[in-house]
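# Summary of the model geometry
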2 protein chains.
Amino acid sequence: MDFKEAKNKFVQTWGALGSQWGINKTMAQIHALLMVSHEPISMEDIMEELQISRGNASMNLRALMDWGIVYKEYKAGERKEFFTAEKDLDELAVKISRERSKREIKPALKVLKEVSAIESDGTAAEKHFVDQTSKLYDFVLKADNVLDKMTEYKDNWLAKLVVKIMR
Amino acid sequence: MDFKEAKNKFVQTWGALGSQWGINKTMAQIHALLMVSHEPISMEDIMEELQISRGNASMNLRALMDWGIVYKEYKAGERKEFFTAEKDLDELAVKISRERSKREIKPALKVLKEVSAIESDGTAAEKHFVDQTSKLYDFVLKADNVLDKMTEYKDNWLAKLVVKIMR
DNA sequence: ACAAACTTTCATTTTTTTTTGAAAGTTTAA
DNA sequence: TTAAACTTTCAAAAAAAAATGAAAGTTTGT
């Protein structure tokens, strides 16, 4: 396998993995491409490499920047914009965790809190509902806190976690 | 908010959350419904409650059983099948972790290993590719191991993790 | 062996998500 | 201020994913 094949395989795999985790394929592919690129890439080159339209590239780059994991760069003397990905994996994981927590977990917690707060009329069905949603609330809250705490280490958090867990 | 509203809100929210994590909406909704149900439900009732077709219900119940988080039950004297969800949240998290690891993380690791093993010709581009994919391999492997170790506790793993992390 | 009571399958349809590309918008340089 | 070089937007098209429902399959009781 040569470089080109390997790069392609990586980009395709990352794209497929993204889909399975609710991230659109192109977005994941652009991210993959930027991750393994040693220098900033222009939109033109991304379009060319991934065979996608200008609109598609523009929208997904914007989304990646909203996630805080891709940055715009300007090259002296060049008019067009270049893009780079966050390459530090600890930092990447922290940013993804933070965003997913903010966008998805926090709103879910809010709903869990609401629905678990209904006045149960004492029937088994209602009692079980309140009990189960309360437990779920506690569980998700705890998980969210753990994630938050872990990523607070920021530097090398996974390595530190390994030490804590494994001993 | 009364019971019916609360239950509906929970099911809808769980469904939407599922979509964002790459799980189809109906599958997540069925799971939500079974989670908060104090007794096993028949396919007929699931179809009625979620307003979905027989085929849809059948396929998604099968998928949930493949994930090991929904079980078939037989009631004495009844011909039809009833379904329950795994209600222990620790167990649920363990099963989801194991499946996602098996289905998605392990195959991704295999690809990362492959592509990071190319013979670099020494150019900056290739060196960076090998370096970055190697780091990614290490990172994902470590994360997968942590997950595995954590879920090995099986009982109350999240609570135990909280203790470890927070102190 | 039959038929009633169910469940599963899968070709087709529907819905949802993603992509396209051309027009509108922006920035920069002369 | 004009125009070239670029980027963004968004309505329409395409692609992908999910849902339908009827036919095929299975199980159980008589």
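Residues numbered from 1 in each chain as written. Chains lettered and ligands numbered in written order. Predicted model: local features only at pLDDT ≥ 70, side-chain atom pairs only at ≥ 80, totals over all residues. Heavy atoms only, no water.

Our focus in this paragraph is the interface of chain A and chain B. For interface size, the figure often reported is the accessible area lost on association. Facing the 56 residues of chain A at the interface are 56 residues of chain B. When chain A packs against chain B, the two sides together hide about 5400 Å² of surface, and 77% of this comes from carbon and sulfur. Counting across the chain A and chain B interface gives 2 salt bridges. With a shortest N-O distance of 2.6 Å, Glu114 of chain A and Lys9 of chain B are connected by a salt bridge. Counting every contact that joins chain A to chain B gives 10 residue pairs in polar contact (both at pLDDT 80 or more). (Contact = heavy atoms within 4.5 Å. Buried area = accessible area lost by both parts, 1.4 Å probe. Salt bridge = Lys/Arg side-chain N within 4 Å of Asp/Glu carboxyl O. Polar contact = N/O pair within 3.5 Å; in protein donor to acceptor, adjacent residues only side chain to side chain.)

A word on the pairing of strand β2 (residues 70-74) of chain A. Residues and elements named next belong to chain A. Two strands pair when backbone bridges link them, and β2 and strand β3 (residues 81-85) are joined in this way by 5 bridges, in the antiparallel orientation. From the neighbouring strand, Glu73 faces β3, where its bridge partner is Phe82. Taken together, β2 and the strand that follows it, β3, pair antiparallel across an intervening segment of 6 residues, in which Gly77 is found at a positive phi of about 80 degrees. (Pairing = 2+ DSSP bridges. Helix = DSSP H or I, 4+ residues; strand = E, 2+ residues; numbered from the N terminus.)

Time to look at the protein's contact with DNA strand C. For DNA strand C, the set of nearby residues contains 19 residues, the closest of which are Thr26, Ser53 and Arg79 of chain A together with Ser58 and Arg79 of chain B. Among atoms of DNA strand C positioned within 4 Å of the protein, sugar and phosphate together represent 59%. At 3.3 Å, a side-chain N or O of Arg79 of chain B approaches a base nitrogen of DNA strand C. Those elements giving two or more residues to the surface near DNA strand C turn out to be α4 (54-66) of chain A together with α4 (54-66) of chain B. No other element matches the 5 residues that α4 of chain B contributes to the surface near DNA strand C. When the residues that make up the surface near DNA strand C are grouped by side-chain class, the tally is 3 nonpolar, 9 polar and 7 charged. (Near = heavy atom within 4 Å. Nonpolar A, V, L, I, M, F, W, Y, C, P; charged D, E, K, R; others polar.)

On to the relation of the copies chain A and chain B. Each copy of the chain is related to the other by a rotation around an axis and a translation along that axis. Expressed as a screw transformation, the operator carrying chain A onto chain B has a rotation angle of 180 degrees and an axial translation of 0.0 Å, and the superposed copies differ by an RMSD of 0.0 Å. In the structure described here, the two chain copies are related by an operation that fits a two-fold rotation axis. The share of interface residues of chain A whose copies in chain B are also at the interface is 100%, consistent with both copies meeting through the same surface. (Least-squares fit on C-alpha atoms with pLDDT ≥ 70 in both.)

Once that is clear, we can look at the sheet that holds strand β2 (residues 70-74) of chain B. If you trace the 3 strands from one edge of the open sheet to the other, you get β1-β3-β2 (chain B), paired in antiparallel fashion. Only two strands of the sheet have a single neighbouring strand rather than two, namely β1 (41-42) and β2 of chain B.

A separate point is the domain arrangement of chain A. Residues and elements named next belong to chain A. When the domains of chain A are assigned, the result is domain 1 (3-85) and domain 2 (89-166). When each unit is reduced to the centre of its C-alpha atoms, the spacing between domain 1 and domain 2 is 30 Å. Each partner contributes to the interface: domain 1 provides 10 residues, whereas domain 2 provides 7 residues. Between domain 1 and domain 2 the total buried area reaches about 720 Å² when both faces are included, carbon and sulfur atoms providing 62% of it. (Domains from an automatic or database assignment.)

This part is about the pairing of strand β3 (residues 81-85) of chain B. Along any regular strand, the residues point their side chains to alternate faces of the sheet. All names here are of chain B. Of all 5 residues that make up β3, 4 are buried, and the element is covered over most of its length. Across 2 bridges, β1 lies against β3 in antiparallel orientation. When the bridges of β3 are listed, Ser42 appears paired with Phe82. (Buried < 20%, exposed > 50% of the residue type's maximum accessible area, 1.4 Å probe, protein only.)

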